[in-house]
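Okay, here's what each chain looks like letter by letter:
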Amino acid sequence: MAELIDGKKISQDLKDEVKEKVAELKAQGVEVTLAVILVGNDPASTVYVGNKKKACEYTGINSKSFELPEETTQEELMKLIKDLNEDDSVNGILVQLPLPKHLDEDKVIRAISPNKDVDGFHPESVGRLSIGVPGFVSCTPAGVIELLKRSGTVLDGANAVVVGRSNIVGKPMSVLLLRENATVTICHSHTKNLKEICKAADILVVAIGQPKFIDGSYIKEGATVIDVGIHRIDGTKKLCGDVDFDSAAEVAGKITPVPGGVGPMTIAELMNNCLQSALMCK
Ligand code: GUN
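If you're wondering where the values come from, they're calculated on a predicted model, not measured in any experiment. (Residues numbered from 1 in each chain as written. Predicted model: local features only at pLDDT ≥ 70, side-chain atom pairs only at ≥ 80, totals over all residues. Heavy atoms only, no water.)

Novice: Looking at this structure, I do not really get unusual backbone geometry. What am I missing?
Specialist: Leaving glycine out, the prevailing phi sign among residues is negative, and the prevailing peptide bond configuration is trans. Between leucine 97 and proline 98 the backbone carries a cis peptide bond, its omega angle lying at 0 degrees. Locating proline 98 in the fold gives a position in the loop between strand S4 (92-95) and helix H4 (105-111). For the bond from valine 258 to proline 259, the omega torsion is 0 degrees, close enough to zero to count as cis. Tracing the chain through its elements places proline 259 in the loop between strand S11 (254-255) and helix H10 (263-280). (Helix = DSSP H or I, 4+ residues; strand = E, 2+ residues; numbered from the N terminus.)

Okay, here's the thing in structure tokens:
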């Protein structure tokens, strides 16, 4: 039976480290502030934003909340971002996605100053990551790297397979693993021999958005399995990931549960990015 990688505990440790450094900055007269923008009232987004604000409170980061009506225009949103870019008291700007359909998400992401892009979604942040210069890294893949390191998984020279190629997880994940000297393969919906490739992985990161798609037959004995997916099991309150946990845990060496694996790391990394932003302009 695989060892569990406890994302709740690891994210708590990371938040406590951030909290300590935020307090040190405060003692030097430096405040850390995150601006959170939510447009409309999507229930899931409202919950996520609430959790981000709670994490700010916990770590001592100020949160400035902008809850805008569904009818907000592109111009109004762009003006708010411009004002926050110019506001020296704001270190990070987060626009909760998805935005209502009439708004141009890409334009909004590009409007955020790369110096305050704590989500790491701006093309400049993505470019910086890809050429290996300092910049903000997308929170979920950054959290996966912490889970791997803090669970004692060897990254250097490991065969890492990433299943999924999204801009938010799969692509930055593969670059981060490469930065850690892993040998990286990216798989997606057109990949041939998916099972064979996964079975050769020392580290398997699954981010495809399909419930229980990867079962134990895809996993090498002793591999580390990271499940980025999160789904509600039909008709229940239970959650599952992209990995069929029960069969995977019989083969893997280490595995993240859902919930309590990757999920809590995303917000902890967001707090860390806010801290890093404040340290950069200190
Ligand atoms: N919506 C779902 N995940 C995220 C995230 O990490 N950042 C933002 N801004 N919106 C999201």
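Novice: How do you make sense of the state of the cysteines when you look at a structure like this?
Specialist: Note: disulfide means a covalent bond formed between the sulfur atoms of two cysteine side chains. What the rule picks out here adds up to zero disulfides. Left without a disulfide partner, cysteine 240 is nearest to the cysteine sulfur of cysteine 198, which lies 17 Å away. Under the relative-accessibility criterion, cysteine 240 is labelled buried at 8%. With no disulfide of its own, cysteine 274 has cysteine 56 as its nearest cysteine by sulfur position, at a separation of 5.8 Å. Using a relative accessible area of 0% as the deciding quantity, one classes cysteine 274 as buried. (Disulfide = S-S within 2.5 Å. Buried < 20%, exposed > 50% of the residue type's maximum accessible area, 1.4 Å probe, protein only.)

Novice: I tried to follow the layout of surface pockets on my own but got confused; where do I start?
Specialist: Any empty space left between the atoms is revealed when a probe the size of a water molecule rolls over them. In this model, the largest pocket occupies a volume close to 1300 Å³. Listed by contribution, the elements that provide at least two residues to the lining of the largest pocket are helix H1 (7-27), helix H2 (43-59), S4, helix H6 (139-150), strand S9 (231-232) and H10. When the residues that make up the lining of the largest pocket are grouped by side-chain class, the tally is 22 nonpolar, 14 polar and seven charged. Roughly 560 Å³ of volume is contained in the second largest pocket. Taken together, 27 residues line the second largest pocket, and the ones lying closest to its centre are Gly135, Phe136, Val137, Asn273 and Gln276. Breaking the lining of the second largest pocket down by element, the ones donating at least two residues are H1, helix H5 (123-131), H6, helix H7 (170-179) and H10. (1 Å grid on protein atoms, 1.4 Å probe; cavity = no way out; pocket = protein on both sides within 12 Å on 5 of 7 lines; lining within 4 Å. Points joined across faces, edges and corners; volume = space filled by probe spheres on them. Nonpolar A, V, L, I, M, F, W, Y, C, P; charged D, E, K, R; others polar.)

Novice: Looking at this structure, how should I read the sheet that holds strand S8 (residues 224-227)?
Specialist: Each strand in a sheet pairs with another by means of backbone hydrogen bonds, the pair being arranged parallel or else antiparallel. Taken in spatial order, the six strands of this open sheet run S1-S11-S8-S7-S5-S6, and their pairing is parallel. Either end of the sheet is taken by a strand with one partner, and the two such strands are strand S1 (3-4) and strand S6 (183-187). Looking at chain direction, S8 and S11 are connected through two bridges and run parallel. Along S11, the bridge assignment pairs threonine 224 with lysine 254. Packed onto the sheet, H7 meets strand S5 (159-163), S6 and strand S7 (203-206) and runs at close to 170 degrees relative to S5. (Pairing = 2+ DSSP bridges. Contact = heavy atoms within 4.5 Å. Axes fitted to C-alpha atoms, helices over the stretch in contact; angles between N-to-C directions.)

Novice: It is not clear to me how the nonpolar core should be interpreted in this structure. Could you clarify?
Specialist: A general feature of soluble globular proteins is that nonpolar side chains tend to end up buried together. If you look at the biggest cluster of nonpolar residues, it comprises 27 residues, and the most contacted ones within it are Val144, Leu177, Val205, Ile226 and Val228. Listed by contribution, the elements that provide at least two residues to this core are H1, H6, S5, H7, S7 and H10. Residue contributions to this core peak at five residues, all from H6. Contact partners of isoleucine 226, with chain neighbours within four places excluded, come to Ile5, Val144, Leu148, Leu204, Val205, Val206, Thr256 and Val262. Counting residues in each nonpolar core, the second largest holds 21 residues, with Val32, Val118, Phe136 and Cys139 among its members. (Core = buried A, V, L, I, M, F, W, Y, C linked by side-chain atoms within 4.5 Å.)

Novice: Looking at this model, I keep getting lost on the pairing of S4. Mind explaining?
Specialist: Successive residues of a regular strand alternate their side chains across the two faces of the sheet. Side chains Gly92 and Leu94 project from S4 onto one buried face, and the interleaved Ile93 and Val95 project onto a second face that is buried too. Of the pairings in the sheet, the one linking strand S2 (residues 33-39) to S4 comprises four bridges and is parallel in character. Following the sheet pairing, valine 36 is matched in S4 by leucine 94.

Novice: Help me out: how do you make sense of the environment of glutamate 31 in this one?
Specialist: Positionally, glutamate 31 belongs in the loop between H1 and S2. Distance from glutamate 31 to leucine 84, taken between C-alpha atoms, is 16 Å for residues 53 residues apart in sequence. Not counting residues within four places of it along the chain, the set of residues in contact with glutamate 31 comprises Lys26, Asn62 and Asn91.

Novice: What am I meant to see in the side chain of lysine 52 here?
Specialist: Mapped onto the secondary structure, lysine 52 falls in helix H2. Buried charged residue lysine 52 carries no salt bridge. Nearest counter-charge: aspartate 119, at 5.2 Å. Ignoring any residue separated from it by four or fewer positions in sequence, one finds lysine 52 in contact with Leu94, Gln96, Ile267, Leu270 and Met271. (Lys, Arg positive; Asp, Glu negative; His and termini not counted. Salt bridge = Lys/Arg side-chain N within 4 Å of Asp/Glu carboxyl O.)

Novice: Any chance you could explain the environment of glycine 40 here in plain terms?
Specialist: Mapped onto the elements, glycine 40 comes out in the loop between S2 and H2. Looking at glycine 40, the relative accessible area reads 12%, which means it is buried. Separated by 29 residues in sequence, glycine 40 and proline 69 have C-alpha atoms that sit 4.9 Å apart. Residue contacts for glycine 40: discarding those within four places in its chain leaves Leu68, Pro69 and Glu70.

Novice: Teacher, can you tell me more about H10 here?
Specialist: Two residues of an α-helix separated by three or four positions point the same way, owing to the 3.6 residues in each turn. With 18 residues, H10 should cover 26 Å at 1.5 Å per step; its first-to-last C-alpha distance of 27 Å lies within 8% of that length. Met265, Ile267, Ala268, Glu269, Leu270, Met271, Asn272, Asn273, Cys274, Leu275, Ser277 and Ala278 are the residues of H10 that are buried. Here the buried face of H10 lies against H1, S2, H2, S4 and H6. (Expected span 1.5 Å × (residues − 1).)

By themselves, these observations are geometric and do not establish any function.
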